[in-house]
Amino acid sequence: MKKRQCLFSLLLLVTLLLSGCTERENTDPFEWRLQNMAAGAEKTFEKRGDKLTDSAGSEFIDFASLQEKNPELYAWLYIPGSEISAPIAQSESGDITFYQSHGADGAENKRGCLYTHYRYSDKHFAEPVSVIYGKTLSGVGVLSDLETIYRSREGLQQHQDLIVFTADSVLRYRVFCATEFSDVLISRDYNEFQTEADTAAFLEDIRNYHTLQRQADDSVSVSSGDRVLVLSTVLSRDADKRFLVVAKLVD
């Protein structure tokens with residue numbers, strides 16, 4: 001009887017091990033890599049906290065590994081306390097919609113990939129206002145949870161940090177507004193933010209946009225001289241409008 005039980009246990013263990021191996025073999029190795037980097041970003045934030053910005057971003061995210069798969073990946077967005085932790089791409093082909101239907105590996109993917117506009121982004125987030133886009137149609141997309149997270153004041157307060165890793169820096173932003181907005185191409189329609197007056201006009205417009213779907217933290221002081229980051233995705237109930245999360249660079 002004991003021998004039979006031992007044999008059964010051994011067979012069960014072998015079955016589980018083989019099942020795990022098969023599952024891993026059926027998983028895209030690049031997707032595994034992305035998941036490991038997302039876990040690494042979360043652990044690093046938990047351990048380092050306010051000291052995140054004392055080192056280059058490549059210490060936290062393996063950009064060389066990302067770019068082996070897709071040279072157009074150049075940054076990483078992480079929102080602490082959320083499931084949003086993903087690479088950012090910028091298409092050099094001039095097709096700004098490419099990453100709406102392609103994943104981080106460049107293959108067709110309905111989730112898309114976070115991306116910036118090649119014409120308006122220098123890849124260092126040094127513009128007065130930088131915009132990161134992400135798909136969210138039908139609840140599918142890298143930013144599909146964005147509206148759910150920031151629809152309440154509590155959600156905004158619990159997720160006020162935005163972290164952007166690049167190969168040579170770590171940028172920490174503080175969210176001060178989450179709002180419905182029009183579908184304008186922000187950088188183009190605000191004169192590429194060439195002057196502080198352009199930035200001031202944008203800040204004024206998001207404050208005064210007529211909507212009930214806006215959360216704001218007025219304790220975060222923001223001026224036209226600050227560097228601002230915008231996360232932009234399609235509004236869930238109206239594909240002709242956008243949902244914006246707007247943050248100020250603090251580190």
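> Explain the pairing of strand β5 (residues 161-166) to me, and be specific about the residues and the numbers.
β5 sits mainly inside the fold: six of its six residues count as buried. The turn linking β5 back onto strand β6 (residues 169-182) is made up of two residues.

> For the pattern of salt bridges, give the residues involved together with the corresponding values.
Taken as a whole, this structure holds ten salt bridges when the rule is applied. The salt bridge partner of E59 is R48, with a shortest N-O separation of 3.1 Å. You can see E59 sitting in the loop between α2 (29-48) and α3 (63-69) and its partner R48 sitting in helix α2, a full eleven residues away along the chain. E59 sits in the partly exposed class, given a relative accessible area of 48%. Between R174 and D161 there is a salt bridge whose closest N-O contact spans 3.9 Å.

> Lay out the layout of surface pockets with the relevant residues and their values.
Space inside the largest pocket adds up to approximately 590 Å³. If you go around the largest pocket, you meet 28 residues; those closest to its centre are E31, L34, S85, A86 and R111. Counting only elements with at least two residues in the lining of the largest pocket, the list comes to α2, β1 (73-78) and β2 (85-89). Residue contributions to the lining of the largest pocket peak at six residues, all from α2. For the lining of the largest pocket, the class distribution of residues is twelve nonpolar, nine polar and seven charged.

> Residues and numbers for helix α7 (residues 196-208), please.
With 13 residues, α7 should cover 18 Å at 1.5 Å per step; its first-to-last C-alpha distance of 18 Å lies within 8% of that length. Those residues of α7 that sit buried are D198, T199, F202, L203 and I206. The buried residues of α7 occupy one face: seen down the axis, they fall within an arc of 135°. Turned more than 90 degrees from where α7 packs its buried face, A197 and N208 sit exposed. Contacts made by the buried residues of α7 are with β4 (129-133), β6, α6 (186-189), β7 (214-216), β8 (228-235) and β9 (238-249).

> Outline unusual backbone geometry, supporting the account with residue identities and numerical values.
Within the chain, N191 stands out as a residue other than glycine whose phi angle is a positive 60°. Its identity as a non-glycine residue notwithstanding, F193 has a phi of 55°, on the positive side. One can find F193 in the loop between α6 and α7. Accessibility expressed as a relative area gives 4% for F193, which makes it buried.

> Outline α2, listing residues and values.
Counting along an α-helix, one turn takes 3.6 residues, and residues three or four places apart therefore face a common direction. Relative to the 28 Å expected for 20 residues at 1.5 Å per residue, α2 spans 28 Å between its end C-alpha atoms, a close match to the ideal helical length. When α2 is considered as a whole, its buried residues turn out to be F30, L34, M37, A38, A41, T44 and F45. Viewed along the axis of α2, the buried residues span an arc of 130°, placing them on a single side of the element. Away from its buried face, by an angle of more than 90 degrees, α2 presents the exposed residues P29, K43, E46 and K47. Buried-residue contacts for α2 involve α3, β1, β2, β5 and β6. Positioned one or two residues after α2, G49 has a phi angle of 50°, which is positive.

> Lay out the side chain of R172 in plain terms, naming residues and giving numbers.
By the secondary structure assignment, R172 is in strand β6. Sequence-distant contacts of R172, that is, excluding residues within four places in its chain, are made with F45, G49, D50, L52, D161, L162, I163, K248, L249, V250 and D251.

> Break down the nonpolar core for me, with residues and values.
Counting 43 residues, the largest nonpolar core has W76, F165 and F202 as its most contacted members. The element contributing the most residues to this core is α2, with six residues. If sequence neighbours within four positions are ignored, F202 has contacts with V129, F181, I186, Y190, F193, V230, L244 and V246. Counting residues in each nonpolar core, the second largest holds 29 residues, with A86, I132, L146 and L156 among its members.

Rules behind the numbers
- Residues numbered from 1 in each chain as written.
- Predicted model: local features only at pLDDT ≥ 70, side-chain atom pairs only at ≥ 80, totals over all residues.
- Heavy atoms only, no water.
- Buried < 20%, exposed > 50% of the residue type's maximum accessible area, 1.4 Å probe, protein only.
- Helix = DSSP H or I, 4+ residues; strand = E, 2+ residues; numbered from the N terminus.
- Pairing = 2+ DSSP bridges.
- Salt bridge = Lys/Arg side-chain N within 4 Å of Asp/Glu carboxyl O.
- 1 Å grid on protein atoms, 1.4 Å probe; cavity = no way out; pocket = protein on both sides within 12 Å on 5 of 7 lines; lining within 4 Å.
- Points joined across faces, edges and corners; volume = space filled by probe spheres on them.
- Nonpolar A, V, L, I, M, F, W, Y, C, P; charged D, E, K, R; others polar.
- Expected span 1.5 Å × (residues − 1).
- Arc of directions from axis to C-beta.
- Contact = heavy atoms within 4.5 Å.
- Core = buried A, V, L, I, M, F, W, Y, C linked by side-chain atoms within 4.5 Å.

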